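Coordinates in review
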Number of protein chains: 2
Amino acid sequence: MASCLLFMGVFSTMSLIPSISSESLIKLPSEGAMLGNRKIKVDDRVYCDSWRLSVETNNAGIWERIPARCERFVEDYMDGERYLSDSDVIAGFSSAFANNVKLGADGRDAWVFDIDETLLSNLPYYESHGFGSDIFNETSFDDWVNEAKAPALPASLRLYKELQQLGFKIFLLTGRSEYQREATEANLLFSGYSKWERLILREESDQGKPATIYKSERRQELVNEGYRIHGSSGDQWSDLLGFAVARRSFKLPNPMYFIL
Amino acid sequence: MASCLLFMGVFSTMSLIPSISSESLIKLPSEGAMLGNRKIKVDDRVYCDSWRLSVETNNAGIWERIPARCERFVEDYMDGERYLSDSDVIAGFSSAFANNVKLGADGRDAWVFDIDETLLSNLPYYESHGFGSDIFNETSFDDWVNEAKAPALPASLRLYKELQQLGFKIFLLTGRSEYQREATEANLLFSGYSKWERLILREESDQGKPATIYKSERRQELVNEGYRIHGSSGDQWSDLLGFAVARRSFKLPNPMYFIL
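Cut-off values and rules
Residues numbered from 1 in each chain as written. Chains lettered and ligands numbered in written order. Predicted model: local features only at pLDDT ≥ 70, side-chain atom pairs only at ≥ 80, totals over all residues. Heavy atoms only, no water. Helix = DSSP H or I, 4+ residues; strand = E, 2+ residues; numbered from the N terminus. Contact = heavy atoms within 4.5 Å. Areas by Shrake-Rupley, 256 points an atom, 1.4 Å probe, with all protein chains shown as cover. Buried < 20%, exposed > 50% of the residue type's maximum accessible area, 1.4 Å probe, protein only. Pairing = 2+ DSSP bridges. Salt bridge = Lys/Arg side-chain N within 4 Å of Asp/Glu carboxyl O. Disulfide = S-S within 2.5 Å. Least-squares fit on C-alpha atoms with pLDDT ≥ 70 in both. Phe/Tyr/Trp six-rings, centres within 6.5 Å; stacked < 30°, edge-to-face > 60°. Lys NZ or Arg CZ within 6 Å of the ring centre and 35° of its normal. Axes fitted to C-alpha atoms, helices over the stretch in contact; angles between N-to-C directions.

**Considerations on the overall build of chain A**
- Check the secondary structure of chain A and you find eight helices and five strands.
- If you list the helices and strands of chain A from N to C, you get α-α-α-β-α-α-α-β-α-β-α-β-β.
- For chain A, contacts bridging at least 24 residues in sequence account for 75% of all contacts bridging at least 6.
- On chain A, roughly 10900 Å² of surface is accessible, and the fraction owed to carbon and sulfur atoms is 53%.

Structure representation (C-alpha cells):
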C-alpha cells in the first residue's frame, strides 16, 4: 500500500458531470452543520474521536456496536461537515494517485469500488435507524435498497467520473446480493453513476462468506482476466484487504457499522 | 488484520509500574491543552483533521511535508489532549486483543514494538523543530538521540508492562542504527522500559533499505526462530506492512512525518 510515488493534487475541473436530481447527492442538513458539539460532553467528544480513529485505522478490529457514549458523536459526525470533508480529502488522494498511473493500451486498467457508504450513501436510512447504533434489521434495510433512492456520496461521484475520463475500467464489487441487481442498478443511475464495466454481486455460492474472502476471490477473477487493479475504494477494511489487493487502497470513513 | 475476535477492554490495574522520573513521561503542557483552535481557521481545522485521517489510514500514501496550512493544527494536536487520547484508545484495543491471546508454554509468543513515536516520544525535539514541518536534520536529531532523554508515550509504557505480565516476549525493532544502541538502551531505561527480549537496530547491511523491507526481514527472522508474532505496534505503516506481519497490527498516530 505504501509503494507508489504520490503527489498531492486537486480534482481537475469536472465540467462533464451531468445535471442530476437535487435529491441524489447527500448534503449537509440545514441545521446541525456546525461542528456538532451540542449535548456531547467534552470528554466524550475527545474519547469518541479517538474511538473513530481506531475504527478507521482498523486498530479496533472487529466491533459490533457504536459505544453508547458515542452515539450522538457519530450522528453529528455523519450529519456534519466532517464526513463530507473526510470523503473529499480521500477522493483527492485517490485522484492524485490515479492521475499518475500510466494506462496501457489494452483497456485492462481497473478501479474497484464498493457501493454502500462508498458510491451510495445510506445516510437517509441510518438517520432513522440510530446511525448504526440500532441492531441491524435486514428486512427494513432491504426495503430501503428496493426504494433505490440512496444519494451519491459527492466526492465519490466526482472521482468515479474522473477515473472514467482517465480511461479506467470501473468494477463495482458489493456485498449486496444478485436478487438486488435491478434495484441497485436503478439506484446507481438515479444518483448519477453510469457506464460501469461490471456490477458484481453475491451469488448463491457466496452467501455466508466473509466479505474479505468473497471480495478477494472476485478481484482474483479480474486479475485472472488480465485486469490491473490500480485502485480500490471502500468504507470497510474487508473491501480492501485479503488477496488480489489493489496497488493502492483507499479507506473511506464509516463509523456506523463494521463488516467482516 | 481483521480476523481475530476482539473484545473491548480496559487495562488491568498497573500496580507494578515502577516510579519513574517526572521528566520521563510526556505530559500535556500547562496551557494549550484545550482543543487547540487558537489561530486556526475553522476551514483549515476541518481540512487538516481530514488530512490527518488520510495520513493515519495510509490513504495519503507517501507524503513529504505537513501541508503549510496544517502546521499549526499538527502542533496543537501533538501538544493537546487528542494525541494522548488517541494513543490511549489504541493501547486499549491492543490490550484487549492481547488479553485474549492464548499463550503457549514454549515462551515464543511475541510482540514487536517500534521505538520512536511508539515507545519513546520525540515531542520535546520536534517542539523546537517545527513539529515535522522543518526539513529533517539528521545531525541535530542524532544529537537528540544521544542525549537519551526522550520521554515514554504513557499509553505505550502501560501496554508494554501489561504485555510482559501476560508473558509476551517483547522485541524492539527500530530504524535507529547499531551505533545508537547504547544511547537507545539508556533512553529506554531512563523512561521506564526494561527487560525487552531483544533490541534490533539497523546494521551496516540494512542502510538504505526501505523500512518496510528491513522490518519485514527482521520479523521473518523471528518467525524462523519459532516466534509467533501476535501483535505489532508502530506509528508508521512501514512498521506494520510487508511480510511476516503480526496477527494484529496497531497503528499509532503520527501526523509529523512519514517513513517509507
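**A word on the pairing of strand β4 (residues 228-234) of chain B**
Residues and elements named next belong to chain B.
- Of all seven residues that make up β4, six are buried, and the element is covered over most of its length.
- Pairing of strand β1 (residues 109-113) with β4, which is carried by five bridges, proceeds in the parallel orientation. Counted as the bridge partner of Phe113 is Ser233 from β4.
- Bridge count between β4 and strand β5 (residues 248-251): four bridges; the pairing is parallel. Along β5, the bridge assignment pairs Ser232 with Ser249.

**Some points on the pattern of salt bridges**
All names here are of chain B.
- Inspection of the entire model under this criterion finds 46 salt bridges over all chains.
- Arg158 is paired through a salt bridge with Asp88; the nearest N and O atoms lie 2.8 Å apart. With Arg158 in helix α6 (residues 154-166) and Asp88 in helix α3 (residues 81-98), this pair connects stretches of sequence that are 70 residues apart.
- By relative accessible area, which is 31% here, Asp88 ends up partly exposed.
- Salt-bridge contacts for Lys209 lead to Glu217; the nearest nitrogen and oxygen are separated by 2.7 Å.
- The class for Lys209 is partly exposed, based on a relative accessible area of 25%.
- Classification of Glu217 by relative accessible area gives partly exposed; the value is 27%.

**Quick notes on the state of the cysteines**
Residue and element names in this part refer to chain A.
- With the rule as written, the count across this model stands at two disulfides over all chains.
- The disulfide that involves Cys48 links it to Cys70, with 2.1 Å between the sulfurs. Negative torsions about the S-S bond denote left-handed disulfides, and the value of about -90 degrees found for Cys48 with Cys70 makes this one left-handed. Of this pair, Cys48 sits in helix α1 (residues 42-56) while Cys70 sits in the loop between α1 and α2 (71-79), placing them 22 residues apart in sequence.

**Section: the relation of the copies chain A and chain B**
- Rotating chain A by 180 degrees and moving it 0.0 Å along the rotation axis overlays it on chain B with an RMSD of 0.0 Å. Such a turn and shift between the copies fits a two-fold axis. Considering only C-alpha atoms, the residue of chain A closest to the rotation axis is Thr57(A), which sits at 2.5 Å.
- Here 97% of the interface residues in chain A have copies in chain B that are interface residues too; the copies meet face to matching face.

**So, the packing of aromatic side chains**
- The final tally for this structure, using the stated rule, is 33 aromatic pairs over all chains.
- Centroid distance Phe97(A) to Trp111(A): 6.1 Å. Interplanar angle 50 degrees. Geometry classified as tilted. Note that Phe97(A) is positioned in helix α3 (residues 81-99) and Trp111(A) in strand β1 (residues 109-113), a separation of 14 residues in sequence.
- Between the aromatic rings of Trp111(B) and Phe168(B), the centroid separation amounts to 5.7 Å while the plane-to-plane angle is 85 degrees, which identifies the pairing as edge-to-face. With Trp111(B) in strand β1 and Phe168(B) in the loop between α6 and β2 (169-177), this residue pair connects regions lying 57 residues apart in the sequence. Like Trp111(B), the residue Phe168(B) is buried in the burial classification.
- Ring pairing ties together the aromatic residues Tyr125(A), Tyr126(A), Phe136(A), Phe141(A), Trp144(A) and Tyr257(A), which thus form one cluster.
- In this structure, Arg108(B) packs its charged tip against the face of Tyr227(B), placed 4.5 Å from the ring centre.
- The ring centre of Phe97(B) lies 5.3 Å from the NZ or CZ of Arg248(B), which sits over that ring.

**Notes on the environment of Leu172(A)**
- Along the chain, Leu172(A) falls in strand β2 (residues 169-177).
- Here Leu172(A) is in contact with Phe113(A), Ile115(A), Leu119(A), Tyr160(A), Leu188(A), Trp196(A), Arg198(A), Leu199(A) and Ile200(A), once residues within four sequence places are set aside.

**Side note on the sheet that holds β2(A)**
Residue and element names in this part refer to chain A.
- Overall, parallel pairing links the five strands, which are arranged β3-β2-β1-β4-β5 in an open sheet. Because the sheet does not close on itself, it has two edges, and the strands there are β3 (198-202) and β5 (248-251). Neighbour-to-neighbour, the strand axes of this sheet turn through a mean angle of 20 degrees, independent of strand direction.
- The sheet contacts of helix α8 (residues 211-224) involve β1, β2, β3 and β4 (228-234), and relative to β2 the element is tilted by about 150 degrees.

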